[in-house]
Amino acid sequence: MKYIKTIIVIVFFLFCTLCEAAKIKYGPVQESFGAGGRDYHHKSFTYWESGIFPHERYLVFEPAEPTPSKAGVVLIIHDLMNPLPNYYMGQIRHLCRKGWIVLFPLYQGTDQPTEHYVFNIIRSVKDFLKQSFEKNTIQIDSTKFGIFGHGSGAVLAANVAATYEYFGLPIPKVLVITMPDRTYFKLFNLRGISRETRMAVINGDKLPLEDAQTAVSIFYTANRVKTVNKVFITVQSDYYGQPPLIADRFSALSPEYPPKERVVVNRRNEYIHTYKSKKFAPYVKADDIENFDWKVDFRVFDLLAMATFDLNTNLTNIKKSEEFRFMGYWSDGKKVKPLIVTDRP
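As the structure is a prediction and not an experimental result, all values here were calculated from the model.

Rules used in this analysis
Residues numbered from 1 in each chain as written. Predicted model: local features only at pLDDT ≥ 70, side-chain atom pairs only at ≥ 80, totals over all residues. Heavy atoms only, no water. Helix = DSSP H or I, 4+ residues; strand = E, 2+ residues; numbered from the N terminus. Contact = heavy atoms within 4.5 Å. Buried < 20%, exposed > 50% of the residue type's maximum accessible area, 1.4 Å probe, protein only. Pairing = 2+ DSSP bridges. Right-handed = clockwise from strand over helix to strand, strands pointing away. pLDDT = per-residue confidence, 0-100. Phe/Tyr/Trp six-rings, centres within 6.5 Å; stacked < 30°, edge-to-face > 60°. Lys NZ or Arg CZ within 6 Å of the ring centre and 35° of its normal. Axes fitted to C-alpha atoms, helices over the stretch in contact; angles between N-to-C directions. Parallel < 35°, antiparallel > 145°, perpendicular 65-115°, else oblique. Left-handed = near helix turned anticlockwise from the far one by under 90°. Nonpolar A, V, L, I, M, F, W, Y, C, P; charged D, E, K, R; others polar. 1 Å grid on protein atoms, 1.4 Å probe; cavity = no way out; pocket = protein on both sides within 12 Å on 5 of 7 lines; lining within 4 Å. Points joined across faces, edges and corners; volume = space filled by probe spheres on them. Salt bridge = Lys/Arg side-chain N within 4 Å of Asp/Glu carboxyl O.

Bringing the overall build of the protein chain into the picture now. When its secondary structure is counted, the protein chain shows 10 helices and nine strands. Once local pairs closer than 6 in sequence are excluded, the contacts in the protein chain between residues at least 24 apart make up 77%.

This paragraph deals with the pairing of strand 3 (residues 70–77). Note on strand geometry: in a regular strand, side chains alternate between the two faces of the sheet. Where burial is concerned, most of strand 3 is hidden: seven out of the eight residues are buried. In this structure, strand 3 lies alongside strand 5 (residues 139–150), joined through seven bridges in parallel fashion. Bridging from a neighbouring strand, Ile77 pairs with Gly149 of strand 5. Handedness of the β-α-β unit built from strand 3, helix 2 (residues 89–98) and strand 4 (residues 101–105) comes out right-handed.

In this section: the confidence of the model for the protein chain. Chain-level pLDDT for the protein chain is 88 on average; 85% of the residues reach the 70-or-more range. A low-confidence stretch, residues 14–21 (pLDDT under 50), is modelled with one contact involving residues beyond four sequence positions or located in other chains. Overall, residues 260–266 carries pLDDT values under 50, and its contacts beyond four positions in sequence, including any with other chains, amount to 10 contacts.

Turning next to the packing of aromatic side chains. Counted according to the given criterion, the structure contains 15 aromatic pairs. Taking 5.1 Å as the distance between ring centres and 65 degrees as the angle between the ring planes, the aromatic pair formed by Phe326 and Tyr329 counts as edge-to-face. Its relative accessible area of 43% is what places Tyr329 among the partly exposed residues. Counting every residue linked through ring pairs, the aromatic cluster contains Phe45, Tyr47 and Phe61. Against the face of Trp48 rests Lys135, its NZ or CZ located 4.5 Å from the ring centre. The ring centre of Trp100 lies 5.3 Å from the NZ or CZ of Lys144, which sits over that ring.

Next up on the list: the packing of helix 3 (residues 117–135) against helix 4 (residues 152–162). Contact geometry of helix 3 with helix 4 gives a least axis separation of 10 Å together with a crossing angle of 60 degrees. It follows from the interaxial angle that helix 3 and helix 4 lie oblique. Relative to helix 4, the crossing made by helix 3 is right-handed. Contact with helix 3, carried on its side by Tyr117, Val118, Ile121 and Ile122, involves Leu156, Asn159 and Val160 of helix 4 and no other residues of that element. Here the residues of the contact of helix 3 with helix 4 sort into six nonpolar, one polar and no charged.

It is worth spelling out the environment of Gly99 at this point. Of note, Gly99 is situated in the loop between helix 2 and strand 4. Residue Gly99 is classed as buried on the basis of its relative accessible area, which comes to 18%. Dropping the residues within four chain positions of it, Gly99 is found in contact with His42, Pro63 and Ala71.

The topology assignment puts Thr183 in the loop between strand 6 (174–178) and strand 7 (198–204). Thr183 sits in the exposed class, given a relative accessible area of 57%. Put simply, Thr183 and Val155 are 28 residues apart on the chain and 9.6 Å apart in space, counted from C-alpha to C-alpha.

For Thr197, the location among the structural elements is in the loop between strand 6 and strand 7. In this structure, Thr197 is in contact with Pro172, Lys173, Leu175, Val225 and Asn229, ignoring residues within four places of it in sequence.

Next up on the list: empty space enclosed by the protein. Within this structure, the stated rule accounts for four cavities of 30 Å³ or more. The space that makes up the largest cavity amounts to roughly 50 Å³. For the largest cavity, the full set of lining residues is Val29, Gln30, Glu31, Ala35, Gly36, Gly37, Asn291, Trp294, Lys295 and Arg299. Of the residues that constitute the lining of the largest cavity, the class distribution is three nonpolar, four polar and three charged.

Let us look at the pattern of salt bridges. The final tally for this structure, using the stated rule, is eight salt bridges. A salt bridge links Arg249 to Asp79; the shortest N-O distance between them is 2.7 Å. You can see Arg249 sitting in the loop between strand 8 (230–235) and helix 7 (268–275) and its partner Asp79 sitting in the loop between strand 3 and helix 2, a full 170 residues away along the chain. The two residues Arg249 and Asp79 agree in class, both being buried.

This part takes up the pairing of strand 2 (residues 58–64). Burial runs high along strand 2: seven of the seven residues are buried. Residues Tyr58, Val60, Glu62 and Ala64 of strand 2 are buried on one face, and the alternating residues Leu59, Phe61 and Pro63, pointing to the opposite face, are buried as well. By the bridge criterion, seven bridges tie strand 1 (residues 44–50) to strand 2 in an arrangement that is antiparallel. Looking across to strand 2, one finds that Tyr47 is bridged to Phe61. Pairing geometry for strand 2 and strand 4, over four bridges, is antiparallel. Directly across from Val60, in strand 4, lies its bridge partner Leu103.

Encoded structure:
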């Protein structure tokens, strides 16, 4: 009888252990304060649009509640595969509530050759500056101008930053290039990127090799930007919990409402490990805004803007910081895989 009781106790503890192990491990939540955090200065945003023809249209998102008297501008250049602001709405909202005006050009015109796209973007920036001056609602602080480019838009972002002086644009003092794809565009001579620019190039470990090589190429060919003012970041995928964190091209998207139904809803880890196919990645991204948004895209831009406009310092301290590499904890206390940060990719 004594042995039976002992066996029952052991079985009970084993059962409890298995139940605990079977619990779903969830990813981190957005932090309350700091870069990428939700300590916002504004409650919401408003928007307006301009342009008649498809390739001339652009949308402008402005901070509201309260409306600032003056604000800097972030130009978001979308990926060719994700041409609507809905795909980036989490980041747009984050930037607006932090006090930025967001300019979103819809540069893909009907029957427009791809070589015109960069000029469509430049036209939109110049027209936006003119329209904003005439509206006289929020004064544009042209000394605070940043660019965020994703996928194909990352290559266009580098090209726009390289030609700012020729086209008379504000100096893009913050430049974030994330998950670049050079399938459709050639890189210009990036020596035109300003010496005043702080630049981050973000690579993912699930990007195809040619895209990873494009990221490295952009980093090195922007050679007027001093090494202390640029950083190369590799995001590591982490399949430990739910949703799995996949550092591919789609990880830079932050839609607040799913643009399409998710194919896989449950048991995403098993699905990914079983089928290991990159074409299914967007369907198993699960949560629309997750840790790679808060801890990578949102935070990187915030940190570069802080170094540039608030502290007027280079990126040395950011690159050396263990806190910057840290990506938070899964719900059971296990660390999410850290960022790999270097200036010699």
